[in-house]
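# Fold and geometry: a report
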Amino acid sequence: MSPGTGYPRPVAAPTPAPHPALTALTPLLGVWRGKGHGEYPTIDPFDYLEEVEFGHLGRPFLTYRQRTRAADDGRPLHAETGYLRCPAPDRVELILAHPTGITEIYESTLDIADGAIRLELQTTGVGLSSTAKRVTAMGRSFTIRDDTLGYTVRMAAVGEPLTHHLAATLHRTDQ
């Protein structure tokens, strides 16, 4: 019994094996940490620390959680959560939600060559709440090789065309 509740303690379910459709993406599983740099025509440049976690539930998608904080004082900067889907052996879809009222849907082919996974994602849809910053398009590039994940983010927002916004290098951690 759980103390003071009268209910039985929950039994931890065994961790399922990754779905077979995710075989090419299993190198992403785990926690990644590192540093990045951001810039955009409408803001001052900044450095940040980041943690990304890819997990799975035994279904044909990876779970995704990302958090950043300022490199200078540790204040929280950004967070996003979502799913990396693999609807076909050579296709991926990245579905993201932001607490700022923005959602992003990306699609890409899956490129695996020379021991690296490469994703060149473009938005097929951006959703905005009535109070969200006006974002019209996004692009993300990921390269995963061994225990290093590098990425860039491009953004078209607040009247600016698709422009470089973020770049980071993350390394796999033991949590």
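As a reminder, the structure under discussion sits directly above these lines.
These figures come from a predicted structure and were not determined experimentally.

Okay, unusual backbone geometry next. Located in the positive-phi region is Asp 146, a residue other than glycine, with phi close to 55°. Of note, Asp 146 is situated in the loop between strand S8 (135-145) and strand S9 (148-157). When its relative accessible area of 63% is taken as the criterion, Asp 146 is described as exposed. Located in the positive-phi region is Val 158, a residue other than glycine, with phi close to 40°. Topologically, Val 158 is positioned in the loop between S9 and strand S10 (163-172).

With that settled, consider the environment of Thr 23. Here Thr 23 shows up in the segment before strand S1 (30-40). According to the relative accessible area criterion, Thr 23 is exposed, its value standing at 56%. Looking at Thr 23, its side chain comes within polar contact range of the main-chain oxygen of Pro 20, at 2.8 Å.

Regular strands show a simple pattern: their side chains alternate between the two faces of the sheet. Strand direction decides the pairing type here: strand S7 (residues 116-128) and S8, joined by seven bridges, are antiparallel. Each bridged residue has a counterpart across the sheet, and for Gln 122 the counterpart in S8 is Gly 139. Hairpin geometry of S7 and S8 is characterised by an intervening segment of six residues between the two adjacent antiparallel strands. Sheet analysis places S8 next to S9, joined by ten bridges and oriented antiparallel. Residue pairing in the sheet places Ile 144 in a bridge with Leu 149 of S9. The antiparallel hairpin formed by S8 and S9 contains two residues in its connecting segment, where Asp 146 sits at a positive phi of about 55°.

Rules behind the numbers
- Residues numbered from 1 in each chain as written.
- Predicted model: local features only at pLDDT ≥ 70, side-chain atom pairs only at ≥ 80, totals over all residues.
- Heavy atoms only, no water.
- Helix = DSSP H or I, 4+ residues; strand = E, 2+ residues; numbered from the N terminus.
- Buried < 20%, exposed > 50% of the residue type's maximum accessible area, 1.4 Å probe, protein only.
- Polar contact = N/O pair within 3.5 Å; in protein donor to acceptor, adjacent residues only side chain to side chain.
- Pairing = 2+ DSSP bridges.

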